[in-house]
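Structural description and commentary
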Amino acid sequence: MSPRQLTMMGLGSAIGAGLFIGSGAGIQAAGPAVLISYLVAGTLIIIVMWALGEMAAANPNSGAFSVYTGKALGGVAGATVGWLWWCQLVVVIAAEALGAAGLLATVFPALPVWLMALLFMGAFTAVNLTGVRNFGEFEFWFALLKVAAIVIFLLVGAALLLGWLPHAASPGLSHFTADGGFAPHGMGGIATGLFVVAFAFGGTEIVSVAAAETRDPARSVGRAVRTVVWRILVFYIGSIFVIAAVIPWNSPELKSPFAGVLDLAGLPGAATVITLVAVVALLSALNANLYGASRMIFSLAERQEAPRALKTLTKARVPAAAVAASVAFGFIATVLELLFPDHVLPLLLNFVGSTCLIVWGSALVSQIVLRRRADAEGTALPLRMAGFPWLSAFGVVLLAAIFAVGLIGADSRAQLLSTFVLVAAIAAGAWLRRRSLAARPATAASGDPARSGDAEG
């Protein structure tokens with residue numbers, strides 16, 4: 001994978017349906033003050049990306065944060081984080097296939113949802129089986145399309161707010177003070193919005209996985225982190241500012257906020273265009289998540305934390321068995337959801353909904369431990385996170401605040417507790433597997449397509 005593909009993947013992975021469709025929920029929860037929620041969540045993900053970047057540059061590995069957690073906190077912790085992330089991705093693969101098919105059916109109703117969903121998964125399975133270069137190229141163009149759509153949206157939004165569009169009246173900043181003011185639901189609304197928008201940044205951690213299959217990973221990771229962090233803030237904060245300024249926080253238009261802004265700007269066909277962009281965003285995420293899931297379970301197999309058969313490679317050095325295992329669950333979940341609508345996926349997503357918070361927490365704690373260890377041993381690091389240890393500690397505090405906020409609300413509390421149950425079950429399974437392996441001679445692991453290095457924690 002080339003550095004340009006890694007950089008664009010890092011940017012595109014954070015720009016998904018959560019922004020194009022789900023951002024309206026955050027605005028409804030907090031009003032225009034959701035900008036504060038996005039600034040806090042954005043600050044956290046920037047710190048997490050720097051922490052992951054430092055570790056990925058020093059040890060590019062397809063197991064990424066799972067391996068780093070294993071090195072810092074022990075093998076059981078590393079295996080738990082790896083399996084937890086894999087569980088999240090395979091569930092989300094099914095959700096994204098069904099979501100993209102459902103959206104496309106609103107534009108082309110003659111196409112059956114079940115057929116499109118299965119075709120999407122089949123097509124991107126083929127892409128992932130042909131090699132990392134093809135995967136990277138698909139992600140590059142998907143991300144470029146999403147970025148272009150946001151740039152155009154920001155330009156149209158700026159023109160609307162400045163009164164430069166002849167057939168649309170500018171609301172100015174009146175919505176920031178009307179209907180309850182900037183924060184109509186007070187600090188409680190901002191806190192609720194914080195928990196909602198935190199998940200919009202989920203997916204950025206895949207950069208640390210992909211870094212292992214990138215040319216000159218140390219330089220590529222540093223470039224990707226530096227480029228992505230400020231663009232995420234510009235695109236996210238810019239888009240949310242435009243939406244909150246143009247559409248009242250209690251408007252039904254927030255069900256599709258980007259389309260609502262473009263409709264108010266008087267652009268014909270805006271809803272269709274945004275729907276198609278959202279489809280691309282979901283397919284991009286499906287492609288990236290299948291890649292990430294296959295590399296993670298491959299790494300687990302290499303470390304004997306998953307069945308050995310999953311570490312087999314094709315001549316193109318693609319872990320085909322790992323790809324097949326990852327997409328198989330997606331096919332099964334998709335079929336079950338089609339047979340029992342609105343029952344299977346909501347239940348599964350409730351269990352894995354808070355997984356990204358666990359992964360971010362493990363990354364921050366691991367970076368603190370491994371950085372201190374490297375400094376004590378005098379080990380040179382190709383990429384060093386600035387402001388250590390205070391910035392890393394600040395990230396932990398922000399993450400703890402999000403957990404605290406999540407435990408206050410009934411819905412978010414149920415989601416967090418479900419994730420904690422899943423973590424405990426996976427940790428117990430990982431501990432039992434390691435005990436079983438310790439009772440018999442260990443087998444050597446080799447063949448990481450991603451220059452695995454020392455993967456044992």
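It should be emphasised that the depicted structure is a prediction, and the values quoted were computed from it without experimental measurement.

The next subject is a nonpolar patch on the surface. Judged by side-chain polarity, Ile332, Val335, Leu336, Leu339 and Phe340 come together as a nonpolar surface patch covering roughly 460 Å² of accessible area. On the basis of relative accessible area, phenylalanine 340 is assigned to the partly exposed category, the value being 48%.

With respect to the helices, strands and loops of the structure, phenylalanine 241 is situated in helix 11 (residues 217-246). Overall, phenylalanine 241 belongs to the partly exposed group, its relative accessible area being 31%. Excluding residues that lie within four positions of it along the chain, phenylalanine 241 makes contacts with Leu35, Leu161, Leu173 and Phe176.

Enumeration according to the criterion identifies 2 cavities of 30 Å³ or more in this entry. Forming the boundary of the largest cavity are Met49, Leu52, Gly53, Ala56, Thr204, Glu205, Val207, Ser208, Ala211, Val221 and Val225. Within the residue set of the lining of the largest cavity, elements represented by two or more residues are helix 4 (34-58), helix 10 (206-210) and helix 11.

Counting all residues, the mean pLDDT for the protein chain is 85, and 95% of those residues have values of 70 or more. Confidence drops under pLDDT 50 across residues 442-446; counting only partners more than four residues distant or on other chains, this segment forms 8 contacts. Low pLDDT (under 50) marks residues 451-457, which in the prediction has 24 contacts with non-local residues, meaning those over four places away or in another chain.

Secondary-structure assignment places glutamate 337 in helix 14 (residues 320-339). For glutamate 337, a relative accessible area of 10% corresponds to the buried category. With 239 residues separating them in the primary sequence, glutamate 337 and leucine 98 have C-alpha atoms 8.7 Å apart. Residues within four places of glutamate 337 in sequence aside, it is in contact with Leu98, Asp342, His343, Val344, Leu345 and Pro346.

This part covers the packing of helix 3 (residues 23-30) against helix 9 (residues 186-198). One way to put it is that helix 3 packs onto helix 9 with a least axis distance of 7 Å and a crossing angle of 165°. The orientation of helix 3 relative to helix 9 falls into the category roughly antiparallel. Crossing of helix 3 against helix 9: the hand is right-handed. From helix 3, Ala25, Gly26, Ala29 and Ala30 reach across to helix 9, where they touch Gly189, Ile190, Thr192, Gly193, Val196 and Val197. Looking at the contact of helix 3 with helix 9 residue by residue, the class counts come to 6 nonpolar, 4 polar and no charged.

One pass over the full model with this rule turns up 5 salt bridges. Across the salt bridge formed by glutamate 305 and arginine 434, the nearest N and O atoms sit 2.4 Å from each other. Separated by 129 residues along the polypeptide, glutamate 305 in the loop between helix 13 (270-302) and helix 14 and arginine 434 in helix 18 (residues 410-438) bring together distant segments of the chain. Assessed through its relative accessible area of 5%, glutamate 305 is described here as buried. Using a relative accessible area of 26% as the deciding quantity, one classes arginine 434 as partly exposed. Connected through salt bridges with shared partners, the residues Glu54, Arg371, Asp375 and Arg384 form a single ionic network.

Across the interface, helix 6 (residues 75-107) lies against helix 14 with an axial gap of 8 Å and an inter-helix angle of 50°. Here helix 6 is positioned oblique relative to helix 14, judged by the angle of their axes. Considering how the two elements wind past one another, helix 6 and helix 14 form a crossing that is right-handed. Note on element contacts: helix 14 touches helix 6 through Ala325, Ser326, Phe329, Gly330, Ala333, Thr334, Glu337 and Leu338, opposite Trp86, Val90, Val91, Ile93, Ala94 and Leu98.

Looking at the secondary structure, you find serine 366 in helix 16 (residues 355-377). Within the local environment of serine 366, its side chain forms a polar contact with the side chain of threonine 69, the two groups lying 3.3 Å apart. Apart from residues lying up to four places away in sequence, serine 366 is in contact with Met55, Tyr68, Thr69, Ala72 and Leu73.

Every α-helix winds through 3.6 residues per turn, so residues three or four apart in the chain are directed the same way. Here helix 3 lies mainly inside the structure; 6 of its 8 residues are buried. Regarding helix 3, the residues found buried are Ser23, Gly24, Gly26, Ile27, Ala29 and Ala30. Two residues or fewer after helix 3 comes glycine 31, characterised by a positive phi angle close to 75°.

This part takes up the packing of aromatic side chains. Centre distance and the angle of the planes are the two values used to describe a pair of aromatic rings. Here the structure, examined in full by the defined rule, presents 11 aromatic pairs. With a centroid separation of 5.5 Å and an interplanar angle of 90°, the aromatic rings of phenylalanine 176 and phenylalanine 241 are classed as edge-to-face. In this pair, phenylalanine 176 is assigned in the loop between helix 8 (132-161) and helix 9 and phenylalanine 241 in helix 11, connecting sequence segments 65 residues apart. One aromatic cluster is present, formed by Phe124, Phe138 and Phe142 through successive ring pairs.

Rules behind the numbers
- Residues numbered from 1 in each chain as written.
- Predicted model: local features only at pLDDT ≥ 70, side-chain atom pairs only at ≥ 80, totals over all residues.
- Heavy atoms only, no water.
- Patch = residues over 30% accessible without salt bridge, like charges linked within 9 Å, V, L, I, M, F, W, Y side chains within 5 Å.
- Areas by Shrake-Rupley, 256 points an atom, 1.4 Å probe, with all protein chains shown as cover.
- Salt bridge = Lys/Arg side-chain N within 4 Å of Asp/Glu carboxyl O.
- Buried < 20%, exposed > 50% of the residue type's maximum accessible area, 1.4 Å probe, protein only.
- Helix = DSSP H or I, 4+ residues; strand = E, 2+ residues; numbered from the N terminus.
- Contact = heavy atoms within 4.5 Å.
- 1 Å grid on protein atoms, 1.4 Å probe; cavity = no way out; pocket = protein on both sides within 12 Å on 5 of 7 lines; lining within 4 Å.
- Points joined across faces, edges and corners; volume = space filled by probe spheres on them.
- pLDDT = per-residue confidence, 0-100.
- Axes fitted to C-alpha atoms, helices over the stretch in contact; angles between N-to-C directions.
- Parallel < 35°, antiparallel > 145°, perpendicular 65-115°, else oblique.
- Left-handed = near helix turned anticlockwise from the far one by under 90°.
- Nonpolar A, V, L, I, M, F, W, Y, C, P; charged D, E, K, R; others polar.
- Polar contact = N/O pair within 3.5 Å; in protein donor to acceptor, adjacent residues only side chain to side chain.
- Phe/Tyr/Trp six-rings, centres within 6.5 Å; stacked < 30°, edge-to-face > 60°.

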